[in-house]
2 protein chains.
Amino acid sequence: MQILGIDMGGTNLKLGWVANGEVLATSQVKALPKSSMLENLSLCKSESIKLAQQIGASLNDLQGVGLAFPGLVDSKSNRIHSTPKDKFEDAIGVDPEAMVRELWQCSLAVENDANMALLGEWQFGVGKEYQNIVQITLGTGIGSSVIMEGKPLRGTHFQAGCLGGHFTLQASGKPCICGNRGCAETLASSWALPGLIRESEECQESPLRKLPQPGYKEVFEAAQQGDALALRIRQQSLEVWSAVAINLIHAYDPELVILSGGIMQSAEEIIPYIQQYVQQHAWTPWGEVKVVKAHFDQSAALLGGYYRFER
Amino acid sequence: MQILGIDMGGTNLKLGWVANGEVLATSQVKALPKSSMLENLSLCKSESIKLAQQIGASLNDLQGVGLAFPGLVDSKSNRIHSTPKDKFEDAIGVDPEAMVRELWQCSLAVENDANMALLGEWQFGVGKEYQNIVQITLGTGIGSSVIMEGKPLRGTHFQAGCLGGHFTLQASGKPCICGNRGCAETLASSWALPGLIRESEECQESPLRKLPQPGYKEVFEAAQQGDALALRIRQQSLEVWSAVAINLIHAYDPELVILSGGIMQSAEEIIPYIQQYVQQHAWTPWGEVKVVKAHFDQSAALLGGYYRFER
């Protein structure tokens, strides 16, 4: 079986031609965030033609398009219920399945992007031996996804499992982009980081203050150089991410926690910290939850899309 | 159908004779916490004989015993996996079903107490019209239970849904009895309350300081008299309980939140606060979650036990 996987990010569209559980070719283009869903999918169509040429296949070989979307998705009726602010906002009103039929003459499986990535890790990656998994994505925001007793957890409005970044970690804390206050995301995520640096009072000389767009890569680097501000932010962030892991363990009863996302380029500092915190503080009388890094760097959601057609 | 419902609390054993979805007679005795599971069930046997006499029935009429237990329970194999500290600790090793067969010559359905209470509210109480429900019990600790898409959520080790009081609300906060830090329970529950009063520095003259065993009833009363310490604790507790509600909504995607437990004697101050907080801060693009008080004061778990045999 062959499918086209599309991972629709706010910034980039990632595409992959997947055959028999393997990604044969990939490409990446900038998303058109102020443009419509149809324009973005049309751009994917042009890219998919190049992919087909690359591997000597034809669009007629495609059995389906697996679309990972950054919002709340009704994966049963293939409808999109929410989008990130200012991105693909028209997607809520449209019928993405009709668009896919028009463009590729095949069927669609759309899924929340975090859920799609976990399907990939579960079936083809680090989650292969498990039926109870929580995945946490540390990136621009904090995403999550859950496999419980061998099934993706979605909930009646497709909100269950994917809002781990929006559990309150500070009652009556700072407003979050979601409308809640004191969410984990407000305390340790890439979007919150510039604010965390700006609002801190210590260490006015920190090199982090001079960066126009400071990221966690720079925080971990500066911390290794002993910068006090970076050390404090690194410590706070590790504590927040550990609490997120504990909360998801207490919520969903998994045996495995997978960590993924851009911030995991510092995995060798993050994984051992969270594993130890979970060992010490998770309430799991049955045994111990394992904490691991995701196997796939970029292609988990593409493979998850393949699985949606394979089952 | 007739069953004997037993709600095994750390302090009291509540019993009810339930026939055709109605509680015909109840009784309550002090639990024997330093005694064995068998001794406590034997005590229940004597009580059940009195109940039978009261309503002119016979123990032979019983089709089953529905046991609500305050710990992690494998409700499929009728085994108990954890108990409260110093209470019924031998229950982990025993076969409660064999004991029930010996004592009453009928079968057993054992369930975590919060889950059993929610089964009762769902089938016979305030949750009747709903298939997606979270129940929060505010009492000695903070309990929770979940119905998702018309099914009780339990998880592979029977931990899912019931640990809402042990979601972190303060990263690296105070140690909780569960081994985690900064759990909701440490910030606003009856067991935490004496510590919260003792450790606060304001208002040394507060009447709360003079009580040997201050409870939330006294906090709400003193707050109405304008006591500054009580006002602060009431406000903090309302914020914590609201955050618990938000977290459980974000975790489990319900349409209804039921609040129960001893602290709900102040329901008319608690429900409107949490309802408004949820309205303003829960991320539910599909609509609005309703927040209500439980219908049953004492007998939800007894009716839940009945439902376990009726299905």
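Whatever comes next refers back to the structure up there.
Residues numbered from 1 in each chain as written. Chains lettered and ligands numbered in written order. Predicted model: local features only at pLDDT ≥ 70, side-chain atom pairs only at ≥ 80, totals over all residues. Heavy atoms only, no water.

Trainee: Tell me what's going on with the overall build of chain A, and back it up with residues and numbers.
Mentor: Along chain A, the regular secondary structure elements total nine helices and 12 strands. Taken over the C-alpha trace, chain A has a radius of gyration of 20 Å; the compact-globule value for 311 residues is 19 Å, and the two agree within 12%. Projected onto its principal axes, the C-alpha coordinates of chain A cover approximately 60 × 45 × 35 Å. Within chain A, the proportion of its 311 residues that are buried is 60%. Contacts in chain A between residues at least 24 apart in sequence constitute 61% of all its contacts with a sequence separation of at least 6. Of the roughly 12200 Å² of accessible surface on chain A, 48% is carried by carbon and sulfur atoms. (Helix = DSSP H or I, 4+ residues; strand = E, 2+ residues; numbered from the N terminus. Rg over C-alpha atoms; globule rule 2.2 N^0.38 Å. Buried < 20%, exposed > 50% of the residue type's maximum accessible area, 1.4 Å probe, protein only. Contact = heavy atoms within 4.5 Å. Areas by Shrake-Rupley, 256 points an atom, 1.4 Å probe, with all protein chains shown as cover.)

Trainee: If you had to explain the interface of chain B and chain A to someone new, which residues and values would you point to?
Mentor: Many analyses report the size of an interface as the accessible area lost when the parts associate. On the side of chain A, 43 residues touch chain B, which itself brings 43 residues to the contact. A buried area of about 3800 Å², summed over both sides, lies between chain B and chain A, and 54% of it is on carbon and sulfur atoms. When the area that chain B buries against chain A is broken down by residue, the three leading residues are His250, Asp253 and Trp283 of chain B, summing to 17%. A salt bridge links lysine 76 of chain A to glutamate 149 of chain B; the nearest nitrogen and oxygen atoms lie 3.9 Å apart. Viewed at the interface, chain A and chain B are joined by 26 residue pairs in polar contact (both at pLDDT 80 or more). At the level of secondary structure, the elements contributing two or more residues to the side of chain B that touches chain A comprise helix H7 (228–252) and helix H8 (267–281) of chain B. (Buried area = accessible area lost by both parts, 1.4 Å probe. Salt bridge = Lys/Arg side-chain N within 4 Å of Asp/Glu carboxyl O. Polar contact = N/O pair within 3.5 Å; in protein donor to acceptor, adjacent residues only side chain to side chain.)

Trainee: Kindly report on the pattern of salt bridges, identifying the contributing residues and their values.
Mentor: With the rule as written, the count across this model stands at 14 salt bridges over all chains. Salt-bridge contacts for lysine 174 of chain A lead to glutamate 199 of chain A; the nearest nitrogen and oxygen are separated by 2.9 Å. A residue pair is termed long-range when its members are at least 10 positions apart, and lysine 174 of chain A in the loop between strand S10 (151–152) and helix H4 (184–187) and glutamate 199 of chain A in helix H5 (residues 193–199) qualify at 25 residues. Owing to a relative accessible area of 48%, glutamate 199 of chain A belongs among the partly exposed residues under this scheme. In this structure, arginine 154 of chain B and glutamate 111 of chain B form a salt bridge, with 2.9 Å as the shortest nitrogen-oxygen distance. Taken as a pair, arginine 154 of chain B in the loop between strand S10 (151–152) and helix H4 (184–187) and glutamate 111 of chain B in strand S7 (residues 107–112) lie far apart in primary sequence, 43 residues in all. For the pair arginine 154 of chain B and glutamate 111 of chain B, a shared accessibility class is recorded, and that class is buried. Several salt bridges share partner residues, and in doing so they unite Glu111, Arg154 and Arg308 of chain A into one network.

Trainee: Explain the nonpolar core residue by residue, including any values.
Mentor: Trp241 and Tyr252 of chain A together with Trp241 and Tyr252 of chain B are the most contacted members of the largest nonpolar core, which totals 98 residues. When near neighbours in sequence (up to four residues on either side) are disregarded, tryptophan 241 of chain B contacts Leu138, Ile142, Ala188, Tyr216, Phe220, Ile263, Ile270 and Ile274 of chain B. (Core = buried A, V, L, I, M, F, W, Y, C linked by side-chain atoms within 4.5 Å.)

Trainee: Quick rundown of the pairing of strand S1 (residues 2–8) of chain A? Include the residues and the values.
Mentor: All names here are of chain A. The element S1 is largely enclosed, with a buried count of six among its seven residues. Pairing geometry for S1 and strand S2 (residues 12–19), over seven bridges, is antiparallel. In the sheet register, isoleucine 6 faces S2, and the bridge partner there is leucine 15. Between S1 and S2, which pair antiparallel and follow one another directly, the connecting turn spans three residues. (Pairing = 2+ DSSP bridges.)

Trainee: Describe in detail the packing of aromatic side chains, supporting the description with residues and values.
Mentor: Residue and element names in this part refer to chain A. Per the stated rule, a full pass over the model turns up 12 aromatic pairs over all chains. Measuring from ring centre to ring centre gives 5.8 Å for phenylalanine 69 and phenylalanine 88, while their planes differ by 55°; the resulting arrangement is tilted. Of the two residues, phenylalanine 69 sits in strand S4 (residues 64–69) while phenylalanine 88 sits in the loop between strand S6 (79–80) and helix H2 (96–104), which places them 19 residues apart along the sequence. When its relative accessible area of 0% is taken as the criterion, phenylalanine 88 is described as buried. By way of ring pairs, the aromatic residues Tyr216, Phe220 and Trp241 are connected into one cluster. (Phe/Tyr/Trp six-rings, centres within 6.5 Å; stacked < 30°, edge-to-face > 60°.)

Trainee: Kindly report on the relation of the copies chain B and chain A, identifying the contributing residues and their values.
Mentor: Superposition record for chain B on chain A: RMSD 0.0 Å, screw rotation 180°, translation along axis 0.0 Å. Considering both components of the superposition, the chain copies are consistent with a two-fold axis. Of every C-alpha in chain B, the one belonging to leucine 169 of chain B sits nearest the axis of rotation, 2.2 Å from it. Counting the interface residues of chain B, we find that 100% of their copies in chain A are interface residues as well, pointing to one common contact surface. (Least-squares fit on C-alpha atoms with pLDDT ≥ 70 in both.)

Trainee: Before we move on, could you go through the side chain of glutamate 239 of chain B and cite the residues and values that matter?
Mentor: Structurally, glutamate 239 of chain B is set in helix H7. We note that glutamate 239 of chain B is buried and unpaired, the nearest opposite charge coming from arginine 181 of chain A at a distance of 7.8 Å. Setting aside anything within four residues of it in sequence, one finds glutamate 239 of chain B in contact with Ala171 and Ser172 of chain A together with Tyr273 of chain B. (Lys, Arg positive; Asp, Glu negative; His and termini not counted.)

Trainee: Run through the sheet that holds strand S11 (residues 256–260) of chain B, naming residues and quoting values.
Mentor: All names here are of chain B. Taken in spatial order, the five strands of this open sheet run S10-S9-S8-S11-S12, and their pairing is mixed. Looking at strand neighbours, the two that pair on one side only are S10 and strand S12 (290–293), the edges of this open sheet. Looking at chain direction, S11 and S12 are connected through four bridges and run parallel. Bridge pairing links leucine 256 to lysine 290 in S12. Of the strands in this sheet, strand S8 (133–138), strand S9 (142–148) and S11 are in contact with H7, which crosses S8 at around 155°. Running at roughly 170° to S12, H8 makes contact with S11 and S12 of the sheet. (Axes fitted to C-alpha atoms, helices over the stretch in contact; angles between N-to-C directions.)

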